[in-house]
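Structural description and commentary
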Amino acid sequence: MLKLHFKDNRRPPVWIVEKLFSIGSAADNHLVMDDEGVDPFHAKVIQENAKYFLKDNNSTSGCFVNGQRITQKEILPGDIIKIGHCDIIVLDPRSLPDKAKDTYAAPWRLVSDSSWLAGKHFILLPERGTIIGRGNQCDIVIPGTHLSRRHTEISIEGNHLRIKDLGSANGTFLNELRIDNATANNGDRLRLDVYTFRIVAPDLEDSKTRIRKPIDELSKPVERKLPSSEPKRWKTRPTSPGNRIEPSLRNGRRNAWLALITATLVAAAIVIFLLW
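The text that follows walks through the structure, step by step, so that each part is easy to find. Along each chain, numbering runs from 1 in the same order as the chain's sequence is written. In keeping with the predicted nature of the model, local features appear solely for residues at pLDDT of at least 70, side-chain atom pairs appear and are counted solely at 80 or more, and the whole-chain, interface and lining totals rest on all residues. Only hydrogens and water are set aside; all other atoms, that is, all heavy atoms of the structure, feed into the side-chain values.

Description of the side chain of Asp165
Stated precisely, the cut-off is as follows: The secondary structure listing takes helices from DSSP runs of H or I that are at least 4 residues long and strands from runs of E that are at least 2 residues long, numbered from the N terminus. Exposed residues in this analysis have more than 50% of their type's maximum accessible area, buried residues have under 20%, and partly exposed residues fall in between, with area computed by a 1.4 Å probe over protein chains only. Asp and Glu are treated as the negative residues and Lys and Arg as the positive ones, with His and the ends of the chain left uncounted. One side-chain nitrogen of Lys or Arg within 4 Å of one carboxyl oxygen of Asp or Glu is enough to make a salt bridge. Under the rule applied, a polar contact is a pair of N or O atoms within 3.5 Å (in protein, one hydrogen donor and one hydrogen acceptor; residues adjacent in sequence only if both atoms are side-chain atoms). Here a residue-residue contact requires only that any non-hydrogen atoms of the pair lie within 4.5 Å.
By secondary structure assignment, the location of Asp165 is in strand β17 (residues 160–165). There is no salt bridge for the buried Asp165, and the closest opposite charge comes from Arg178, which lies 5.6 Å off by N-O distance. Here the side chain of Asp165 touches Ser168 through a polar contact of 2.6 Å, side chain to side chain. Not counting chain neighbours up to four residues away, the residues in contact with Asp165 comprise His151, Thr152, Gly171, Thr172, Ile179 and Asp180.

Okay, structure coming up:
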């Protein structure tokens with residue numbers, strides 16, 4: 001996501017969120033520039049295949065990139081756009097040094113989902129409160145009769161927002177509850193009379209840290225268990241063939257001879273006793 005930074009700091013930087021980002025002096029542009037030499041619908045930035053193109057809308061004073069007048073040209077970080085008498089620097093916060101990334105962190109924004117504003121993104125100012133209303137002096141101008149000239153102020157306070165109603169006629173609602181001064185978080189819904197918005201917090205995916213094991217630990221050899229030299233002892237039932245005591249043929253013959261000799265001796269003893 002690219003960011004437009006005004007060289008003379010006349011106003012806070014602006015993020016290019018929409019795929020079709022309009023620039024001009026008319027109040028319904030994404031970037032409203034009521035400077036001399038800026039047409040009502042002066043130019044637009046088109047996002048296509050992760051690239052950004054600045055296209056001139058046949059404006060009277062033209063669009064310039066790095067000093068050259070263009071009809072349509074891809075813009076890159078570091079380019080200087082001139083519209084009217086204003087110089088705008090194109091920034092990509094991802095390519096900035098680490099110390100500068102906090103300054104250009106992804107913004108808080110309101111995403112509209114009501115009628116003709118559906119899908120539009122409104123960036124909240126990090127430096128001060130963002131005023132929303134139908135007056136031309138507001139930071140976010142919504143030209144509708146349902147809003148007061150200065151309807152609501154939204155300020156960024158750390159990890160949440162502070163929403164303050166500025167005495168509007170039709171009220172400020174947070175999650176369908178009318179509020180005067182309240183804290184809002186990511187995902188909450190803001191309603192200004194008939195206009196509804198979803199609050200979206202900065203995208204912090206790039207700042208997440210993946211914890212890895214130390215290199216020393218990863219370099220240690222993996223200990224593997226060697227196979228045991230002892231024979232495995234299988235658990236078997238007493239009636240298993242391997243657990244039965246089965247006499248061999250030799251033992252059977254020996255037992256038969258012993259029985260025969262014993263019987264012969266007994267018979268001989270009886271005969272001797274009778275003859276005696």
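Once the structure has been displayed, the description carries forward.
Quick notes on the sheet that holds strand β3 (residues 20–24)
Let me state the cut-off plainly: Strands are labelled as partners when DSSP assigns at least two bridges between them.
Taken in spatial order, the five strands of this open sheet run β4-β3-β5-β6-β9, and their pairing is mixed. This sheet does not close on itself; its edge strands, each paired only once, are β4 (31–32) and β9 (72–74). Summarising the sheet, strand β6 (residues 51–56) and β9 pair through three bridges and their orientation is antiparallel. The residue bridging Leu54 from the neighbouring strand is Lys73, located in β9.

Here's the deal with the sheet that holds strand β20 (residues 181–184)
The mixed open sheet is built from five strands, whose spatial order is β15-β14-β16-β17-β20. For this open sheet the edge positions go to β15 (140–141) and β20, each flanked by a neighbour on one side alone. Sheet topology places strand β14 (residues 130–133) next to β15; two bridges connect them, and they run parallel. If you follow Ile132 over to β15, its bridge partner there is Ile140.

Some details on a nonpolar patch on the surface
The cut-off we apply is this: Patches here are clusters of residues that have more than 30% relative accessible area and form no salt bridge, with a 9 Å joining cutoff for like charges and a 5 Å cutoff for nonpolar side chains (Val, Leu, Ile, Met, Phe, Trp, Tyr). Areas reported here follow the Shrake-Rupley algorithm with a probe of radius 1.4 Å; residue values treat only the protein chains shown as occluding.
A cluster of nonpolar side chains, contributed by Val266, Ile270, Phe273 and Leu274, occupies part of the molecular surface with about 470 Å² of accessible area. The topology assignment puts Ile270 in helix α3 (residues 249–275).

Quick look at the nonpolar core
We apply this condition: For the purposes of this section, nonpolar cores are sets of buried Ala, Val, Leu, Ile, Met, Phe, Trp, Tyr and Cys residues that join through side-chain atoms within 4.5 Å.
One finds Met33, Leu54, Ile75 and Ile81 to be the most contacted residues of the largest nonpolar core, which totals 23 residues. Among the secondary structure elements, those contributing two or more residues to this core are β1 (3–6), β3, β5 (43–48), β6, β7 (63–65), β10 (80–83) and β11 (86–91). For this core, the element with the highest residue contribution is β11, accounting for three residues. Ignoring anything within four residues of it in the chain, the contact list for Ile81 reads Leu4, Leu54, Phe64, Val65, Ile75, Cys86, Asp87, Ile88 and Val90. Grouped together as the second largest cluster of nonpolar side chains are 22 residues, Trp108, Ile179, Ala182 and Ile199 included.

As for the environment of Leu166
Mapped onto the fold, Leu166 is located in the loop between β17 and β18 (172–174). Expressed as a C-alpha distance, the spacing of Leu166 and Ile131, which sit 35 residues apart in the sequence, is 9.1 Å. The residues touching Leu166, leaving out its near neighbours within four places in the chain, are Ile131, Arg150, His151, Thr152 and Glu153.

Thoughts on the environment of Ile88
Counting through the fold element by element, Ile88 comes out in strand β11. Note on Ile88: relative accessible area 1%, which makes it buried. Each C-alpha atom of the pair Ile88 and Val65 lies 9.5 Å from the other, and the pair is 23 residues apart in sequence. Among all residues touching Ile88, those that are not within four sequence positions of it are Leu4, His5, Phe6, Met33, Asp79, Ile80 and Ile81.

Observations regarding the packing of aromatic side chains
For clarity, the threshold we go by: A pair of aromatic rings is counted whenever rings of Phe, Tyr or Trp (Trp by its six-membered ring) have centres within 6.5 Å, and the orientation is called stacked for planes under 30 degrees apart, edge-to-face for over 60 and tilted otherwise. Lysine and arginine charges are scored as sitting over a ring when NZ or CZ, respectively, is within 6 Å of the ring centre and within 35 degrees of the ring normal.
One pass over the structure, following the stated rule, counts one aromatic pair. With a centroid separation of 5.9 Å and 80 degrees between ring planes, the pair formed by Phe122 and Phe197 is classed as edge-to-face. Of the two residues, Phe122 sits in strand β13 (residues 121–123) while Phe197 sits in strand β22 (residues 195–200), which places them 75 residues apart along the sequence. Judged by its relative accessible area of 14%, Phe122 falls in the buried class. Using a relative accessible area of 1% as the deciding quantity, one classes Phe197 as buried. Across from the ring centre of Phe173, 4.0 Å away, lies the NZ or CZ of Arg191, which sits over that ring.

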